[in-house]
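Close look at the chain arrangement
Letter by letter, the chains look like this.
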Amino acid sequence: MSSRSHYDTIVIGVGSMGSAAVYHLARRGQNVLGIEQFDIPNDLGSSGGMTRIIRLSYHEDPSYVPLVIRAFELWRELQESAGEQLLHPTGSIHAGPPGSPIFEASLRSCREHGLSHEVLNGAEISKRFPGYRLPNDHMGVYQEGGGFLLADRCIVAHVTAAQALGAEIHAGEKVLDWEVLADKVRVETDRSIYLAEKLVIAAGPWASKQIPLLASVAVPERQVVGWFQPLRPKLFTPEAFPVFGLVAEEGRFYGFPVFGVPGVKVGKYHHFGEEGDPDELDRDLHSRDEDVLKTFTKRYFPNAAGPTMALKVCMFTNTPDGHFIIGTHPDHAQVMFAAGFSGHGFKFSSIIGEILADLAVAGETSHNIRLFDPRRFSSATREQGQR
Ligand SMILES: Cc1cc2nc3c(=O)[nH]c(=O)nc-3n(C[C@H](O)[C@H](O)[C@H](O)COP(=O)(O)OP(=O)(O)OC[C@H]3O[C@@H](n4cnc5c(N)ncnc54)[C@H](O)[C@@H]3O)c2cc1C
């Protein structure tokens, strides 16, 4: 395969967002190069660990709902063209103590957008889905449209479809620097130098290494997920066990039925709050990582709390308000970026690829991305210097 040195658009990072961006750019006839420092797919950034929840009820803000509806459409299209199932429906439950924002705001998003849903208390949830053992007075929203995506396979499907459209993708190549020349962008890697008309940066936890002005607003954080062998496996199949988000005394947790790994998957949002440099992340696993997940599982899903099958380290990239950062670089109209997905971005990656392609090709998008405007942090980002 011939390698050019000049492209319409270069995408830095071929994880979930970058793979989707490369695909949507190629779909629009662009000569596109995607550059990934590790393997494709890899589990060293934010997209490892096999599965990611997708849900329509959106307690973070109802304005995510139209975006997730479009994301669903794009996932269905992608799985059809890939010829493999990427999206696994299970239903979703978002629950917490009465009056908790996870319940109230999930319900509000369903009502505002006319999503079919049921309100169930803890006792009703446990009766209908016996893998659950929530306090009787907890309140939950069950939404039948939820489920999970196979994260690695989604990235592979986007990359494969992009390649079929002529996109060039390089793995094992690290971007060292980029600069805007008069009417071009120059990208230097550990292997070569490339020129492009436009640059899209989708570097996940490494975002601020490419865009230093994001340093205080896109902050990497260590996460750990665990898989525990169910004691009663029939209660934890994708047919019997909806994915969940649960606020409990112990914090906010999420989980999945058994799929791919012989265990129920459980994670705690923000885990131990360990922020830091993604290149210096503690990738070792410690007993306290396992304990916090196992203790929670024993209490709320006792029949899932068998022996540990797997534990994996991953990274969130948090913003101060928990919303994404998507837009054009404040100083360089040729440079677009998508960062700060704050632990809930994967499900949107299909539409974020479309949005990034809109911004790169047309300079605007018809999707409502006001919530993600990079300028909302302008006083914080300005202090970080010129780029
Ligand atoms: C444990 C965990 C559970 C999660 N659960 C959910 C969930 O259930 N549902 C959901 O919607 N979201 C979830 N998320 C969030 C979601 O996974 C992330 O928002 C999403 O994966 C972010 O994608 P990304 O493309 O920004 O980052 P990544 O997928 O990490 O991609 C960034 C890529 O850029 C590459 N890169 C960086 N710098 C360079 C460079 N200099 N040169 C070349 N390449 C570079 C990296 O190697 C990496 O591959 C979860 C995240 C974690 C960690």
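See the structure above.
Structure report, in brief. (Residues numbered from 1 in each chain as written. Predicted model: local features only at pLDDT ≥ 70, side-chain atom pairs only at ≥ 80, totals over all residues. Heavy atoms only, no water.)

1. Structural notes on the nonpolar core
Grouped burial of nonpolar side chains is what soluble globular proteins tend to show. Counting residues in hydrophobic clusters, the biggest one holds 56 residues, and the most contacted among them are Trp-75, Val-200, Phe-324, Ile-326, Phe-348, Ile-352 and Leu-356. Mapped onto this core, the elements with two or more residues apiece are α1 (16-27), α2 (65-82), α3 (101-112), α5 (151-164), β20 (332-339) and α8 (349-362). Contacts of Trp-75, omitting those with residues within four sequence positions, involve Ile-54, Leu-86, Leu-87, Leu-149, Cys-154, His-158, Phe-346, Lys-347, Ser-349 and Ser-350. Counting 54 residues, the second-largest nonpolar core is a separate cluster that includes Tyr-132, Val-224, Phe-236 and Phe-301. (Core = buried A, V, L, I, M, F, W, Y, C linked by side-chain atoms within 4.5 Å. Buried < 20%, exposed > 50% of the residue type's maximum accessible area, 1.4 Å probe, protein only. Helix = DSSP H or I, 4+ residues; strand = E, 2+ residues; numbered from the N terminus. Contact = heavy atoms within 4.5 Å.)

2. Some remarks on α1
The first and last C-alpha atoms of α1 sit 17 Å apart over 12 residues, in line with the 16 Å expected at 1.5 Å per residue. Counting buried positions over the 12 residues of α1 gives 11, a clear majority of the element. Among all positions of α1, only Ser-16, Met-17, Gly-18, Ser-19, Ala-20, Ala-21, Val-22, Tyr-23, His-24, Leu-25 and Ala-26 are buried. One or two positions beyond α1, positive phi appears at Gly-29, with a value near 80 degrees. (Expected span 1.5 Å × (residues − 1).)

3. Thoughts on the side chain of Arg-52
Of note, Arg-52 is situated in strand β3 (residues 51-54). Among the polar contacts listed, one links the side chain of Arg-52 to the backbone oxygen of Ser-46, at a separation of 2.6 Å. (Polar contact = N/O pair within 3.5 Å; in protein donor to acceptor, adjacent residues only side chain to side chain.)

4. Digging into the packing of α1 against α8
Packing of α1 against α8 leaves a shortest axis separation of 7 Å and a crossing angle of 55 degrees. If you check the angle between α1 and α8, you find them oblique. The interaxial crossing formed by α1 with α8 has right-handed handedness. Across from Ser-16, Met-17, Ala-20, Ala-21, His-24 and Leu-25 in α1, the residues of α8 making contact are Ser-349, Ser-350, Ile-352, Gly-353, Glu-354, Leu-356, Ala-357, Ala-360 and Val-361. Across the contact of α1 with α8, the residue classes break down as 9 nonpolar, 5 polar and 1 charged. (Axes fitted to C-alpha atoms, helices over the stretch in contact; angles between N-to-C directions. Parallel < 35°, antiparallel > 145°, perpendicular 65-115°, else oblique. Left-handed = near helix turned anticlockwise from the far one by under 90°. Nonpolar A, V, L, I, M, F, W, Y, C, P; charged D, E, K, R; others polar.)

5. Details of unusual backbone geometry
Here the residue pair Ile-40 and Pro-41 is connected by a cis peptide bond, since its omega of -5 degrees sits within 30 degrees of zero. Position of Pro-41 among the secondary structure elements: in the loop between β2 (32-35) and β3. One non-glycine residue, His-270, lies in the positive phi region at around 70 degrees. By the element assignment, His-270 lies in the loop between β16 (264-268) and β17 (274-275). The partly exposed category is assigned to His-270, whose relative accessible area is 34%. Unusually for a residue other than glycine, Ser-342 sits at a positive phi of about 50 degrees.

6. Let's talk about the site of the ligand
As a structural note, the neighbourhood of the ligand is formed by 35 residues, with Ser-16, Glu-36, Ser-47, Ile-53 and Cys-314 the closest of them. Separating an oxygen atom of the ligand from a backbone N or O atom of Met-17 is a distance of 2.9 Å. The separation between an oxygen atom of the ligand and a polar side-chain atom of Asn-42 is 3.0 Å. Elements represented by at least two residues in the shell around the ligand include exactly α1, β3, β15 (251-256) and β18 (308-318). Broken down by element, the residue count for the shell around the ligand peaks at 3 residues, all from β18. Tallied by class, the residues present in the shell around the ligand amount to 17 nonpolar, 13 polar and 5 charged. (Near = heavy atom within 4 Å.)

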